[in-house]
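Take a look at the letters that make up each chain.
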Amino acid sequence: MTGKERIQHAFAGQKGDRVPWVPFVGCHAGMLIGEDAESYLKSADLVEAGVAKAVELYRPDGIPVMFDLQIEAEALGCGLAWAKENPPAVMRHPLGNGTALKDLQVPGPEAGRIGIALEATRRIRRNHPDLAVYGLITGPFTLALHLLGTDIFMKMFDSPHEVHQLLEFCRDVGTAMSSYYIEAGCDVVALVDPMTSQIGPEQFEQFVTPYVKDIFSTIAAEGALSSFFVCGHAQQNIPVMARSGCGNISIDENIPLEYVREECRRRNISFGGNLQLTSVLLLGKPLDAQKNALACLDVAGEEGFILAPGCDLPYSTPPENLQAVADIVHDPYKRDVVRQMATETVDEDRLDLVEYGQADKVVVDIVTLDSEACAPCQYMVDAVKRVAPEFEGIVIWREHKIKYRESLVFMTSLMVRNVPTICIDGEIVFVSRIPPRDELIAAIQKRINEKFRIRIQSRRATLFLMGEEDDRMAALRANVEQAMRELGASDVGVEHVQDEEEIARFGIAPSQTPAVVMSRYQVKSLHRVPETVVIKEWLKDLG
């Protein structure tokens, strides 16, 4: 049985000779041939070579041509920021910068880099006739957000008709792209719409379902298979996705595979996923990858399932981890060996962050896969960037890209389970949801207010009265006592320092006395050894 036949059996809900395997190789294929992401994604020659290398190493049943959700956006005038290890990110939204929707036209097959993608498709089809070739198109909701920006979320309430007009246009783009890929030789067209994770089922049915149904109908009419690919915390939308007319749903690790299995089998469609991208494939070892793959196979079963990573493979994913997955896919004996091997303890170096967030400034942590590679992550980081100037000098923010081990440890320590997530002073606040500006500002301001109250309640102070006992010191002491009585500040300590060496340690000369020095004390930690990352936040307050 060929790889293409296995994919076809899976889409039909049937059991083949084994579960098919589709590594979603995007710019990772550039790494395999020593090319950076920008060079790779701008060259049909390099895409052809990178896919060939991935096929050689990973022995897949299906392979995507490119994994770049900015191809259509670029052709429509979106400004891109390129990176060396990620697909480009949309940085300029034409409909938010003076361009009118009526001025946009559905791009032709040679517009922008569409021609490069189609030429690569034709070559891959010719070079690998037994594989299922996947063409990935940007879903209408994500494309609409690329064109308009995050204003789309407010317009869904304020101007729904305008949003529907935009989505109709994006549907037409998706329909055209599907036809281009099918004509070039694709067996499967995967509609990738990650930004739908930001909306609920009712909004999905109103603003997404009508348009993706039309695209899936076109794909079926042209004799190809269709997949609906979503990443992020989108479990709430799986039932409506399954009713959208697609032939397959692919998900990432944010959604339990058993849940997707039941929803898809109830509606007689296939499903795929959900190998863990960062903690296992990127940062783990070959045995970790095999155990993860085996767990997916055990949960999903053999009917209607396609084993795949949850999203585009990170650029630097070790090839040996993917080869290890291929080994157990192809070899039942190796699956049995992995089952029998003793379970290794997972290295979960957790930080003790009980005291995290006690610095004077409010810390906003954004846990992402990588804002340069993940559209929901990018727009969540952008949301924080836009409000940060409102709190200059009070709030600091940081992105933690979990493709790096230290960030993954930080994520685990904060008990974050989904990306992207916003934490404020170590508390999870927004999970896989891009907050509106006013809501984010209110959440930060709430924490500032809480912190101010805590500081007033928890700080204790001491006044040091510096100088020898004389008439001036007596007068100073009398004024301090009166001030404390009037304010009711009975918890403020008063100490008289007369030793000249001790006074000099405060930088005060004898001629400058009497002097008053106030010192505030704050308990930072009790009965524990705080982590370095926490102590650093305390020390920053002193700077």
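**Description of the domain arrangement of the protein**
Moving on, step 1. What the domain assignment lists for the protein is domain 1 (3–271), domain 2 (347–456) and domain 3 (459–522).
Moving on, step 2. Each of domain 1 and domain 3 was reduced to a C-alpha centroid, and the two centroids are 70 Å apart.

**Quick look at the sheet that holds strand E12 (residues 421–424)**
Moving on, step 1. Read across the open sheet, the four strands follow the order E11-E10-E12-E13; overall the sheet is mixed. On the outer flanks of this sheet lie strand E11 (395–401) and strand E13 (427–431), each paired with one strand and no other. Here the strands of the sheet are splayed against their neighbours by 25° on average, with no regard to which way each runs.
Moving on, step 2. Strand direction decides the pairing type here: strand E10 (residues 362–368) and E11, joined by seven bridges, are parallel. Each bridged residue has a counterpart across the sheet, and for Val367 the counterpart in E11 is His400.
Moving on, step 3. The strands touched by helix H18 (residues 375–387) within the sheet are E10, E11, E12 and E13, with E10 carrying the most contacts at an inclination of about 165°.

**Some points on the packing of helix H6 (residues 114–127) against helix H9 (residues 160–184)**
Moving on, step 1. At a minimum axis distance of 8 Å, the contact between H6 and H9 shows a crossing angle of 30°. As the angle between them shows, H6 and H9 are arranged roughly parallel. The crossing of H6 and H9 is right-handed. On the side of H6, the interface is formed by Ile114, Ala117, Leu118, Thr121, Arg122 and Arg125, while H9 contributes Met177, Tyr180, Tyr181 and Ala184.
Moving on, step 2. Split by residue class, the contact of H6 with H9 holds seven nonpolar, one polar and two charged.

**Concerning the pattern of salt bridges**
Moving on, step 1. Counted according to the given criterion, the structure contains 34 salt bridges.
Moving on, step 2. Glu56 is paired through a salt bridge with Lys53; the nearest N and O atoms lie 3.6 Å apart. Of this pair, Glu56 and Lys53 both sit in helix H4 (residues 44–58), three residues apart, which is roughly one turn of that helix.
Moving on, step 3. Of the charged contacts, one joins Glu263 and Arg266 as a salt bridge, the two residues approaching to 2.9 Å between their closest N and O atoms. On the criterion of helical spacing, the pair formed by Glu263 and Arg266 is a turn pair, its members being three residues apart in helix H13 (residues 257–266).
Moving on, step 4. Overall, the relative accessible area of 10% leaves Glu263 in the buried class.
Moving on, step 5. Judged by its relative accessible area of 53%, Arg266 is exposed.
Moving on, step 6. One salt-bridge network, held together by shared partners, links Asp45, Glu48, Glu119, Arg122 and Arg123.

The rules behind the values
- Residues numbered from 1 in each chain as written.
- Predicted model: local features only at pLDDT ≥ 70, side-chain atom pairs only at ≥ 80, totals over all residues.
- Heavy atoms only, no water.
- Domains from an automatic or database assignment.
- Pairing = 2+ DSSP bridges.
- Helix = DSSP H or I, 4+ residues; strand = E, 2+ residues; numbered from the N terminus.
- Axes fitted to C-alpha atoms, helices over the stretch in contact; angles between N-to-C directions.
- Contact = heavy atoms within 4.5 Å.
- Parallel < 35°, antiparallel > 145°, perpendicular 65-115°, else oblique.
- Left-handed = near helix turned anticlockwise from the far one by under 90°.
- Nonpolar A, V, L, I, M, F, W, Y, C, P; charged D, E, K, R; others polar.
- Salt bridge = Lys/Arg side-chain N within 4 Å of Asp/Glu carboxyl O.
- Buried < 20%, exposed > 50% of the residue type's maximum accessible area, 1.4 Å probe, protein only.

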